[in-house]
Amino acid sequence: QVQLVESGGGLVQPGGSLRLSCAASVSIFRFNLMGWYRQAPGKERELVADISPIEIIRYGDSVKGRFTISTDSGKNSVYLQMNSLKPEDTAVYYCNAKIDHPRTDSWGQGTQVTVSS
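Residues numbered from 1 in each chain as written. Predicted model: local features only at pLDDT ≥ 70, side-chain atom pairs only at ≥ 80, totals over all residues. Heavy atoms only, no water.

(A) Examining the overall build of the chain more closely. Along its length, the chain carries zero helices and 11 strands. Traced from its N-terminal end to its C-terminal end, the chain shows the element sequence β-β-β-β-β-β-β-β-β-β-β. By the compact-globule yardstick of 13 Å for 117 residues, the chain fits well, its C-alpha radius of gyration being 14 Å. If one aligns the C-alpha atoms of the chain with their principal axes, the spans along those axes are about 45 × 25 × 25 Å. Within the chain, the proportion of its 117 residues that are buried is 43%. For the chain, the proportion of contacts with a sequence separation of at least 24, taken over those separated by at least 6, is 53%. Carbon and sulfur atoms form 48% of the exposed surface of the chain, whose accessible area is close to 6400 Å². Placing the 12 positive and 11 negative side-chain charges of the chain at their respective mean positions leaves the two points 1 Å apart. (Helix = DSSP H or I, 4+ residues; strand = E, 2+ residues; numbered from the N terminus. Rg over C-alpha atoms; globule rule 2.2 N^0.38 Å. Buried < 20%, exposed > 50% of the residue type's maximum accessible area, 1.4 Å probe, protein only. Contact = heavy atoms within 4.5 Å. Areas by Shrake-Rupley, 256 points an atom, 1.4 Å probe, with all protein chains shown as cover. Lys, Arg positive; Asp, Glu negative; His and termini not counted. Charge placed at Lys NZ, Arg CZ, Asp CG, Glu CD.)

Following this line, the structure appears as structure tokens:
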């Protein structure tokens, strides 16, 4: 059973930065894809960014140029550096890890990010 533990959320002013961390209970080399999703109140969960083992990266349109996803295999972790934060970035952010065989889709417990003055 894969466990993912997020940290780094909080309250930040518009224009500020935060860095989210997600530590996996197993080697990240086991995953076919790792990423971050977010869900704002009353909205569906959406992709923020994901990264493959060969570092193919996708970003959601609303975060391109502001957010950066990265991994550290030595720490079995994935990170999300968030810059130029906007109030519309306010959401619960979830870490996700996917394995193709057997099909496994693991989620962290979520961390709240609030962007407000």
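Now that the structure is up, let's keep going.
(B) Just the state of the cysteines, in detail. Tallying each qualifying case throughout the model produces one disulfide. At a sulfur-sulfur separation of 2.1 Å, the disulfide partner of Cys-22 is Cys-95. On the S-S bond that ties Cys-22 to Cys-95, the torsion sits near -80 degrees, and the link is left-handed. Note that Cys-22 is positioned in strand β3 (residues 18–24) and Cys-95 in strand β9 (residues 91–99), a separation of 73 residues in sequence. The same class applies to Cys-22 as to Cys-95, namely buried. (Disulfide = S-S within 2.5 Å.)

(C) Region of the structure containing the pattern of salt bridges. Scanning the model with the defined rule gives seven salt bridges in all. Salt-bridge contacts for Asp-89 lead to Arg-38; the nearest nitrogen and oxygen are separated by 2.9 Å. Here Arg-38 lies in strand β4 (residues 33–39) and Asp-89 lies in the loop between β8 (77–82) and β9, a separation of 51 residues in the sequence. Residue Asp-89 shares its accessibility class with Arg-38, and that shared class is buried. For the salt bridge of Arg-103 with Asp-100, the shortest nitrogen-to-oxygen distance reads 3.6 Å. In the salt-bridge network here, residues are joined through shared partners; they are Arg-38, Glu-46, Arg-66 and Asp-89. (Salt bridge = Lys/Arg side-chain N within 4 Å of Asp/Glu carboxyl O.)

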